[in-house]
Amino acid sequence: MSGDPRTGTSGDPRTDRTRARLRAALLDECRERPLAEVSVAGLVRRAGLGRATFYLHYPDLDALAVDACAEIVRDAVEALHAWRGVPDPEDPPSALTEFFSGVVPHTALYRALLREGGGGPLGDLLHRELRERSRRERELVGAPAPDLVASVVASAFTGLLADWLHGSVDAGPEDMAARVWRLLLALHTTPLG
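Residues numbered from 1 in each chain as written. Predicted model: local features only at pLDDT ≥ 70, side-chain atom pairs only at ≥ 80, totals over all residues. Heavy atoms only, no water.

Enquirer: Quick question: what am I supposed to make of the pattern of salt bridges here?
Expert: Under the counting rule described, the total for this entry stands at 13 salt bridges. For the salt bridge of D28 with R31, the shortest nitrogen-to-oxygen distance reads 2.5 Å. Here the residue D28 and the residue R31 both occupy positions in helix 1 (residues 13-32), the gap between them amounting to three residues, near one helical turn. Taking relative accessible area as the criterion, D28 reaches 32% and is therefore assigned partly exposed. Salt bridges here are not isolated pairs; linked through shared partners, they connect E29, E32, R33 and R46. (Salt bridge = Lys/Arg side-chain N within 4 Å of Asp/Glu carboxyl O. Helix = DSSP H or I, 4+ residues; strand = E, 2+ residues; numbered from the N terminus. Buried < 20%, exposed > 50% of the residue type's maximum accessible area, 1.4 Å probe, protein only.)

Enquirer: Please explain the environment of E116 as it appears in this structure.
Expert: By the secondary structure assignment, E116 is in the loop between helix 6 (107-113) and helix 7 (121-141). Setting aside residues up to four positions removed in sequence, E116 forms contacts with A162, D163, H166 and S168. Only 2.8 Å separates the side chain of E116 from the side chain of S168, close enough to count as a polar contact. (Contact = heavy atoms within 4.5 Å. Polar contact = N/O pair within 3.5 Å; in protein donor to acceptor, adjacent residues only side chain to side chain.)

Enquirer: How do you make sense of helix 4 (residues 61-80) when you look at a structure like this?
Expert: Each full turn of the α-helix corresponds to 3.6 residues, which orients residues three or four apart in the same direction. In a regular helix each residue adds 1.5 Å, so 20 residues correspond to 28 Å; helix 4 covers 29 Å between its end C-alpha atoms and thus fits that length. Of all the bends in helix 4, the greatest measures close to 35° and is centred on C69. Its side-chain oxygen placed 3.2 Å from the backbone nitrogen of D62, D60 serves as the N-cap of helix 4. (Expected span 1.5 Å × (residues − 1). Bend = angle between axes of the 7 residues up to and from the residue.)

Enquirer: Explain the nonpolar core here, please?
Expert: A general tendency of soluble globular proteins is for nonpolar side chains to be buried together. Within the largest apolar cluster, 54 residues are counted, with the highest numbers of intra-cluster contacts made by F100, F157 and L161. Within the residue set of this core, elements represented by two or more residues are helix 1, helix 2 (40-47), helix 4, helix 5 (94-103), helix 6, helix 7, helix 8 (146-165) and helix 9 (173-189). Here the element with the most residues in this core is helix 4; it accounts for 13 residues. Setting aside residues up to four positions removed in sequence, L161 forms contacts with I72, F99, F100, L114 and L126. (Core = buried A, V, L, I, M, F, W, Y, C linked by side-chain atoms within 4.5 Å.)

Enquirer: Looking at this structure, how should I read the packing of helix 1 against helix 4?
Expert: Packed helices, taken two at a time, are described by their axes: the angle between them and the distance between them. In contact at an axis separation of 9 Å, helix 1 and helix 4 are set at 95° when each is read in the N-to-C sense. Between helix 1 and helix 4, the crossing angle belongs to the class labelled roughly perpendicular. Listed contacts from helix 4 to L22, R23, L26 and L27 of helix 1 are L64, A65, D67 and A68. Here the residues of the contact of helix 1 with helix 4 are counted per class, giving six nonpolar, no polar and two charged. (Axes fitted to C-alpha atoms, helices over the stretch in contact; angles between N-to-C directions. Parallel < 35°, antiparallel > 145°, perpendicular 65-115°, else oblique. Nonpolar A, V, L, I, M, F, W, Y, C, P; charged D, E, K, R; others polar.)

Enquirer: Where do I start with the packing of aromatic side chains in this structure?
Expert: Given two aromatic rings, their pairing is described by the distance between the two centres and the angle made by the two planes. Taken as a whole and judged by the stated rule, the model has six aromatic pairs. An angle of 40° between the planes, with centres 6.1 Å apart, marks the rings of F54 and Y58 as tilted. An identical accessibility class is assigned to F54 and Y58; each is buried. Ring centres 6.0 Å apart and planes at 45° place the aromatic pair F99 and F157 in the tilted group. (Phe/Tyr/Trp six-rings, centres within 6.5 Å; stacked < 30°, edge-to-face > 60°.)

Next up, the structure:
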């Protein structure tokens with residue numbers, strides 16, 4: 001099936017609607033209980049779909065959970081690149097603050113998929129997407145060492161987000177956005193010669 005995996009679309013409107021219903025049902029279920037306690041039966045009942053329909057689209061609940069959480073990856077990548085011109089270390093992009101605020105309602109689900117330090121299926125996806133976007137952005141402006149810096153940025157952000165979600169970093173969303181912004185600017189401006 002064609003489509004754009006970065007946007008979560010398949011190219012088939014019926015498939016996209018069914019997957020959207022399943023993603024929404026999972027997020028609703030995870031507001032009430034941990035992912036480990038969610039069942040396929042309860043999920044499809046909430047979505048108003050059949051069990052066979054679930055398995056036509058996803059091999060298991062973890063695959064659905066990663067798909068449902070892929071939006072956080074897109075939001076993170078966009079938030080970190082939501083500025084133009086000369087960045088001000090004291091003024092993080094509003095998209096970055098909105099990103100950190102927006103993950104709070106789904107903290108339990110993200111914790112299940114993003115382990116401390118940045119591992120897990122969501123961490124792997126975030127790291128890959130962020131590394132690729134950072135590399136492309138550095139190449140576009142002719143910045144040195146695009147592969148090296150992109151890997152460091154992706155690793156640092158993914159690890160910090162995971163540790164913040166797991167409570168290892170004590171900061172509110174606004175404070176976290178400000179700290180991450182200054183750190184990432186420092187990584188981008190560190191002399192490498």
